[in-house]
Amino acid sequence: MTELNQIETPALLLDSRRMMRNIRALESRLKTLGTVIRPHVKTCKSIEIGRRMITGGSPGITVSTLAEAEAFFRHGIDDQIYAVGIAPGKLARVAGLMGQGLRLKIILDNAETAARVVDAAKRLGCRYSVLLEIDSDGQRAGFEVGDPELVGAAQTLDQGGCEVAGVITHMGAAYACRDAGALI
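Residues numbered from 1 in each chain as written. Predicted model: local features only at pLDDT ≥ 70, side-chain atom pairs only at ≥ 80, totals over all residues. Heavy atoms only, no water.

*Asks:* Honestly, unusual backbone geometry in this entry has me stumped. Any pointers?
*Replies:* Excluding glycine, residues mostly have negative phi values, and the peptide bonds linking residues are mostly trans. In this chain, Thr9 is followed by Pro10 through a cis amide linkage whose omega measures 0 degrees. By the element assignment, Pro10 lies in the segment before α1 (16–32). In the Ramachandran plot, Lys45 falls in the positive-phi region, its phi being about 45 degrees despite a non-glycine side chain. Along the chain, Lys45 turns up in the loop between α1 and α2 (47–53). (Helix = DSSP H or I, 4+ residues; strand = E, 2+ residues; numbered from the N terminus.)

What follows is the structure in structure tokens.
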């Protein structure tokens, strides 16, 4: 057996029983709330772990890069959310992945980008599936709560032939919470 201090780094040391116990506990809790997990794979970057996290009825995964999207898609995970506000320069690459069968939802956070997504969809002959990001805590990107441009962006997308798949938010300030009371 190799001693811990003899392992070359970087190296992944994983207690798979604990990991599976945590995954099952999370799935069980989410089930009581009437939902399922859509794991974000930006940390694990592992096909095997990603597959284990979507066994409880999850529709798919969330990725932070198109390289992650491509890697997981090559391994059969074909329902993904690209959880970064879409940069117009990446729309052709997204269209290419969609053309190969990847169901990839993109996120946008402003009306100008909505118009650029519609233009790209027409130019590339595709129908993007889009989530509109709401900045619910003033810490991240997104439409302000109650911003009329949110509805305008949705209308631009819909009228331009794109699918408005819904809204998404991320409470970035939650990282600063230090006790359960702060999370409410």
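Picking up where we left off.
*Asks:* How should the pattern of salt bridges be read in this particular structure?
*Replies:* Two side chains that carry opposite charge are able to pair once their charged atoms sit near each other. Going through the model one piece at a time under the given rule, you end up with 6 salt bridges. Its salt-bridge partner being Arg52, residue Glu48 comes within 2.7 Å of it at the nearest N-O pair. Placement of both Glu48 and Arg52 in helix α2 is noted, with a separation of 4 residues, approximately one turn of the helix. On the basis of relative accessibility, which here comes to 48%, the residue Glu48 falls in the partly exposed class. (Salt bridge = Lys/Arg side-chain N within 4 Å of Asp/Glu carboxyl O. Buried < 20%, exposed > 50% of the residue type's maximum accessible area, 1.4 Å probe, protein only.)

*Asks:* Honestly, the state of the cysteines in this entry has me stumped. Any pointers?
*Replies:* Chemically, a disulfide is nothing more than a covalent bond linking the sulfur atoms of two cysteines. With the rule as written, the count across this model stands at 0 disulfides. No disulfide involves Cys126; its sulfur sits 6.9 Å from the nearest other cysteine sulfur, which is in Cys162. Among the residues examined, Cys126 registers a relative accessible area of 18% and is labelled buried. (Disulfide = S-S within 2.5 Å.)

*Asks:* Is there a simple way to think about the pairing of strand β4 (residues 129–135) in this case?
*Replies:* Consecutive side chains along a regular strand alternate between the two faces of the sheet. With 7 of 7 residues buried, β4 is to be regarded as a mostly interior element. On β4, burial covers both faces: Ser129, Leu131, Glu133 and Asp135 on one face and Val130, Leu132 and Ile134 on the other are all buried. Judged from the 4 bridges that link them, strand β3 (residues 103–108) and β4 form a sheet pairing that is parallel. Across the sheet, Leu108 pairs through a bridge with Leu132, a residue of β4. With helix α5 (residues 111–124) bridging β3 and its parallel neighbour β4, the resulting β-α-β unit is right-handed. (Pairing = 2+ DSSP bridges. Right-handed = clockwise from strand over helix to strand, strands pointing away.)

*Asks:* When you look at the side chain of Gln80 in this model, what are you seeing that I'm missing?
*Replies:* Structurally, Gln80 can be placed in strand β2 (residues 79–85). Classification of Gln80 by relative accessible area gives buried; the value is 0%. Only 2.8 Å separates the side chain of Gln80 from the backbone oxygen of Ile77, close enough to count as a polar contact. Residues within four places of Gln80 in sequence aside, it is in contact with Arg38, Ile61, Val63, Ala69, Phe72, Phe73, Leu102, Arg103, Leu104 and Lys105. (Polar contact = N/O pair within 3.5 Å; in protein donor to acceptor, adjacent residues only side chain to side chain. Contact = heavy atoms within 4.5 Å.)

*Asks:* I would appreciate a short explanation of the layout of surface pockets in the present structure.
*Replies:* Quantified by volume, the largest pocket comes out at close to 400 Å³. Along its surface, the largest pocket is lined by 17 residues, and His40, Ala83, Arg140, Thr169 and His170 are the ones closest to its centre. Sorting the residues of the lining of the largest pocket by element identifies β2 and β6 (163–169) as the ones contributing at least two each. The element contributing the most residues to the lining of the largest pocket is β2, with 4 residues. Looking at the lining of the largest pocket residue by residue, the class counts come to 7 nonpolar, 6 polar and 4 charged. Reported here for the second largest pocket is a volume of approximately 300 Å³. Of all the secondary structure elements, the ones that give two or more residues to the lining of the second largest pocket are α1 and α2. Split by residue class, the lining of the second largest pocket holds 10 nonpolar, 4 polar and 1 charged. (1 Å grid on protein atoms, 1.4 Å probe; cavity = no way out; pocket = protein on both sides within 12 Å on 5 of 7 lines; lining within 4 Å. Points joined across faces, edges and corners; volume = space filled by probe spheres on them. Nonpolar A, V, L, I, M, F, W, Y, C, P; charged D, E, K, R; others polar.)

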